[in-house]
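Listed here are the chains, written in short residue letters.
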Amino acid sequence: MKFKFTNKKVTLPKSVHAYAEKKVSKLERYFQTEPEASVVFSVEKGRNNAEVTVRVGGTILRSAQSTPDMFVSIDAAVADIERQLRKNKARLEKRLRKDAFVRTAEADETSFVPDEDEEEYNIVRTKRFPIKPMSVEEAVLQMNLLDHTFFAFKNEDAEGAFAVVYRRQNGGYGLIEDD
């Protein structure tokens, strides 16, 4: 597994990185190809934040946890990703390693994540509308006028590529663009 560690506004000892590498490496057994893991550490308002992102093929798994202890944050983030894998087991089995969900004695000892029944995606409403070309500023204005948290549009600044603007929790705006 390839790792990338980022420390934001915090200096951590190498032991924290080694601990995170050890814990996140346990997820490697789920994948056929070598995944890439990105771990971002930060401290805000006395809370230790650990954000773990695992990329393999076209699948991206992400969890961000915040606790008073950095080690507990790492454990919680890894457990959350493992929970996501188990919850979506049937959908992911085609993309993951053949025996990814077969229990081993080692996994039984170290994993406290219970198996969950998979829920069906229940689409309760379908909405169709024309996607118009506009600038990012126009899209943000339209989103605010509609009082929505996101707005899909064709970005005329990017030759009509599909894009989404969204309102971030911190009060700013985000832009998702097609590659």
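Higher on the page you've got the structure.
Residues numbered from 1 in each chain as written. Predicted model: local features only at pLDDT ≥ 70, side-chain atom pairs only at ≥ 80, totals over all residues. Heavy atoms only, no water.

**With respect to the sheet that holds strand β6 (residues 150-155)**
Strand pairing in a sheet is mediated by backbone hydrogen bonds. Such pairs are either parallel or antiparallel. Ordered in space as β5-β6-β7-β8, the four strands form an open sheet in which the pairing is mixed. Looking at the sheet topology across the chains shown, the edges are occupied by β5 (133-134) and β8 (173-177). Here strand β7 (residues 161-167) pairs with β8 via five bridges, running antiparallel. For V165, the partnering residue across the bridge sits in β8 and is L175. Sitting on the sheet, helix α5 (residues 136-146) touches β5, β6, β7 and β8, and the angle it makes with β6 is about 150°. (Pairing = 2+ DSSP bridges. Helix = DSSP H or I, 4+ residues; strand = E, 2+ residues; numbered from the N terminus. Contact = heavy atoms within 4.5 Å. Axes fitted to C-alpha atoms, helices over the stretch in contact; angles between N-to-C directions.)

**Things to note about the environment of L12**
Relative to the assigned elements, L12 resides in the loop between β1 (2-8) and α1 (14-25). On the basis of relative accessibility, which here comes to 18%, the residue L12 falls in the buried class. If we ignore the near neighbours within four places in the chain, the residues touching L12 are N7, H17, F41 and M70. (Buried < 20%, exposed > 50% of the residue type's maximum accessible area, 1.4 Å probe, protein only.)

**What about the sheet that holds strand β2 (residues 36-44)?**
Reading across the sheet, the four strands line up as β1-β2-β3-β4 and stay open at both edges, with mixed pairing between neighbours. Only two strands of the sheet have a single partner each, and these edge strands are β1 and β4 (59-67). Direction aside, the axes of adjacent strands within the sheet are offset by 10° on average. Taken together, the seven bridges between β1 and β2 define a ladder with parallel strand orientation. Looking across to β2, one finds that T6 is bridged to V40. Packed on one face of the sheet, α1 meets β1, β2 and β3 (47-56) and runs near 135° to β1.

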